[in-house]
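Residue-level structural notes
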Amino acid sequence: MLDPTPNMRRLAEAELLRAEIEAKRLARRVTWLGLGALFVTLAIIMLVLAAYSALSQIYGPAWAAAIMGGVLVVLAAVALLLGASKKEGRAARLEMELANRAVEDARREIRRDFEILEKRLDELSMGLLGLVRGSAQNLPILTLILGALAALSPALRRIIMPFLKKD
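**Describing the overall build of the chain**
- Counting its regular elements, the chain contains 5 helices and 0 strands.
- Order of helices (α) and strands (β) in the chain, N terminus to C terminus: α-α-α-α-α.
- In the chain, buried positions account for 17% of the 167 residues.
- By sequence separation, contacts in the chain at least 24 residues apart represent 68% of the contacts at least 6 residues apart.
- Of the roughly 12,800 Å² that the chain leaves accessible, carbon and sulfur atoms contribute 69%.

Here it is in structure tokens:
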């Protein structure tokens, strides 16, 4: 009998691979952004303290704080704009495209398997319907059962069909 389980397993593995690729990419990006944010924060604190000390001697404490606040706002805006960009490399796009293609191929194979299974079940039901209506009166019931089994399984078909053809 047709078994769609291997194709379903392949689909699940492809979906899992795609999710794993995306999770690794996101984890790597978050890690580097976090480390960068930590070091930038420490560096900015030191630079702000040094700049404030230098500016407070020239302009006084109030103007030094205002100047440093403005500079920090501009730096924050630039950092947010750079962090928001989602430019991916060519290799990353190709990797995701291959994962998506594997998922689509597995889905297509599962659909094909289910269509074949549906066709075989239709053939079997039509044969049984013919038996119930009496159109197969000349065939013995054993021949009908063997024919139905042969329709469901390629392995059984190879064994059963030589016997059915002898009749």
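**Things to note about helix α1 (residues 5–58)**
- When the terminal C-alpha atoms of α1 are compared, their 77 Å separation across 54 residues agrees well with the 80 Å that a helix rising 1.5 Å per residue should span.
- When we look at burial in α1, the residues that qualify are Asn7, Leu11, Ala14, Ile21, Arg25 and Leu55.
- In the segment just after α1, Gly60 is the residue with positive phi, at about 100 degrees.

**Observations concerning the confidence of the model for the chain**
- This prediction gives the chain a mean pLDDT of 78; 76% of its residues lie at or above 70.
- Mean pLDDT across the elements of the chain bottoms out in helix α5 (residues 154–166) (64) and peaks in helix α2 (residues 61–84) (87).

**Re the packing of α1 against α2**
- At a minimum axis separation of 10 Å, α1 and α2 run at an interaxial angle of 160 degrees. Compared by their axis directions, α1 and α2 come out roughly antiparallel. Viewed along their axes, α1 and α2 form a crossing whose handedness is right-handed. For the pair α1 and α2, contact is made by Arg29, Ile44, Leu47, Val48, Ala51, Tyr52, Leu55 and Ser56 and by Pro61, Ala64, Ala65, Ile67, Met68, Leu72 and Gly83, respectively.
- Among the residues making up the contact of α1 with α2, the classes are represented as 12 nonpolar, 2 polar and 1 charged.

**Description of the nonpolar core**
- Membership of the largest hydrophobic core is limited to 5 residues, which are Leu11, Ala14, Val103, Ala106 and Ile110.
- Within the residue set of this core, elements represented by two or more residues are α1 and α3 (90–133).
- For this core, the leading source of residues is α3, giving 3 residues.

**Some thoughts on the pattern of salt bridges**
- Applying the stated criterion across every chain, the model contains 9 salt bridges.
- Two residues, Glu95 and Arg25, come together in a salt bridge whose shortest N-O distance is 3.3 Å. Residue Glu95 is located in helix α3, and its partner Arg25 is located in helix α1; the two are separated by 70 residues in the primary sequence.
- One salt bridge connects Arg112 with Asp113, and the closest N-O pair in it is separated by 3.5 Å.

**Description of a negative patch on the surface**
- Taken together, Glu115, Glu118, Asp122 and Glu123 make up a surface patch of like negative charges.
- Turning to its location among the elements, Asp122 is positioned in helix α3.
- Residue Asp122 is classed as partly exposed on the basis of its relative accessible area of 43%.

**Thoughts on a nonpolar patch on the surface**
- Residues Trp32, Leu35, Leu38, Phe39, Leu42, Ile45, Met46 and Leu49 make up a contiguous nonpolar surface patch of about 860 Å² in total accessible area.
- Examined against the element boundaries, Trp32 turns out to sit in helix α1.
- With relative accessibility at 60%, the residue Trp32 sits in the exposed group.

Analysis parameters
Residues numbered from 1 in each chain as written. Predicted model: local features only at pLDDT ≥ 70, side-chain atom pairs only at ≥ 80, totals over all residues. Heavy atoms only, no water. Helix = DSSP H or I, 4+ residues; strand = E, 2+ residues; numbered from the N terminus. Buried < 20%, exposed > 50% of the residue type's maximum accessible area, 1.4 Å probe, protein only. Contact = heavy atoms within 4.5 Å. Areas by Shrake-Rupley, 256 points an atom, 1.4 Å probe, with all protein chains shown as cover. Expected span 1.5 Å × (residues − 1). pLDDT = per-residue confidence, 0-100. Axes fitted to C-alpha atoms, helices over the stretch in contact; angles between N-to-C directions. Parallel < 35°, antiparallel > 145°, perpendicular 65-115°, else oblique. Left-handed = near helix turned anticlockwise from the far one by under 90°. Nonpolar A, V, L, I, M, F, W, Y, C, P; charged D, E, K, R; others polar. Core = buried A, V, L, I, M, F, W, Y, C linked by side-chain atoms within 4.5 Å. Salt bridge = Lys/Arg side-chain N within 4 Å of Asp/Glu carboxyl O. Patch = residues over 30% accessible without salt bridge, like charges linked within 9 Å, V, L, I, M, F, W, Y side chains within 5 Å. Lys, Arg positive; Asp, Glu negative; His and termini not counted. Charge placed at Lys NZ, Arg CZ, Asp CG, Glu CD.

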